[in-house]
Amino acid sequence: MIEKTLRINHLFDFYQVLLTSKQRAYMQDYYEHDYSLAEIAEDNSVSRQAIFDNIKRTELVLEDYENKLHLFEKFQQRQSLFEQMKHEKDVAKIHQYLLALEKIDEGFGD
């Protein structure tokens, strides 16, 4: 459950600008502010089920954006390479890391 929550939070960070204002508000309340479905429903004068359905649909939308755009995946790849580079002293290896960074975007969006 924690892994899913972390993933949704990361996807939300990348794709929230593509969501409607209502989707953003519900996701922020649920994931960032840790409000219960009942609290969000009361604040918005709708049913708990409506909030639940909206959040689940929005999670699917976020996953769909990631499947198409791969922004989070590419971010993770870059972070991994940066971490490896920070501890590298061999210039040839650093050059290899830089070439790998350039290739991250290749193959996406074809």
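Residues numbered from 1 in each chain as written. Predicted model: local features only at pLDDT ≥ 70, side-chain atom pairs only at ≥ 80, totals over all residues. Heavy atoms only, no water.

1. What to know about the packing of helix α2 (residues 21–32) against helix α3 (residues 37–44)
The description of two packed helices rests on the angle between their axes and on the distance between the axes.
No. 1: Following both chains from N to C, one finds α2 and α3 inclined at 145 degrees, their axes separated by 10 Å at the closest point. Of the two possible hands of crossing, α2 and α3 adopt the one that is right-handed. Of the residues in α3, those touching α2 at Tyr26, Asp29 and Tyr30 are Leu37, Ile40 and Asn44.
No. 2: Looking at the contact of α2 with α3 residue by residue, the class counts come to 4 nonpolar, 1 polar and 1 charged. (Axes fitted to C-alpha atoms, helices over the stretch in contact; angles between N-to-C directions. Helix = DSSP H or I, 4+ residues; strand = E, 2+ residues; numbered from the N terminus. Left-handed = near helix turned anticlockwise from the far one by under 90°. Contact = heavy atoms within 4.5 Å. Nonpolar A, V, L, I, M, F, W, Y, C, P; charged D, E, K, R; others polar.)

2. What to know about a negative patch on the surface
No. 1: There is a patch of like negative charges on the surface, built from Asp34, Glu39, Glu42 and Asp43.
No. 2: Accessibility expressed as a relative area gives 65% for Glu42, which makes it exposed. (Patch = residues over 30% accessible without salt bridge, like charges linked within 9 Å, V, L, I, M, F, W, Y side chains within 5 Å. Areas by Shrake-Rupley, 256 points an atom, 1.4 Å probe, with all protein chains shown as cover. Salt bridge = Lys/Arg side-chain N within 4 Å of Asp/Glu carboxyl O. Lys, Arg positive; Asp, Glu negative; His and termini not counted. Charge placed at Lys NZ, Arg CZ, Asp CG, Glu CD. Buried < 20%, exposed > 50% of the residue type's maximum accessible area, 1.4 Å probe, protein only.)

3. Some words on the packing of α2 against helix α4 (residues 48–69)
No. 1: Interhelical geometry of α2 versus α4 gives an angle of 100 degrees and a closest axis separation of 10 Å. The orientation of α2 relative to α4 falls into the category roughly perpendicular. Here Lys22, Gln23, Tyr26, Met27, Tyr30 and Tyr31 of α2 come into contact with α4, specifically with Ile51, Asn54, Ile55, Thr58, Glu59, Val61 and Leu62.
No. 2: Considered class by class, the residues forming the contact of α2 with α4 number 8 nonpolar, 3 polar and 2 charged. (Parallel < 35°, antiparallel > 145°, perpendicular 65-115°, else oblique.)

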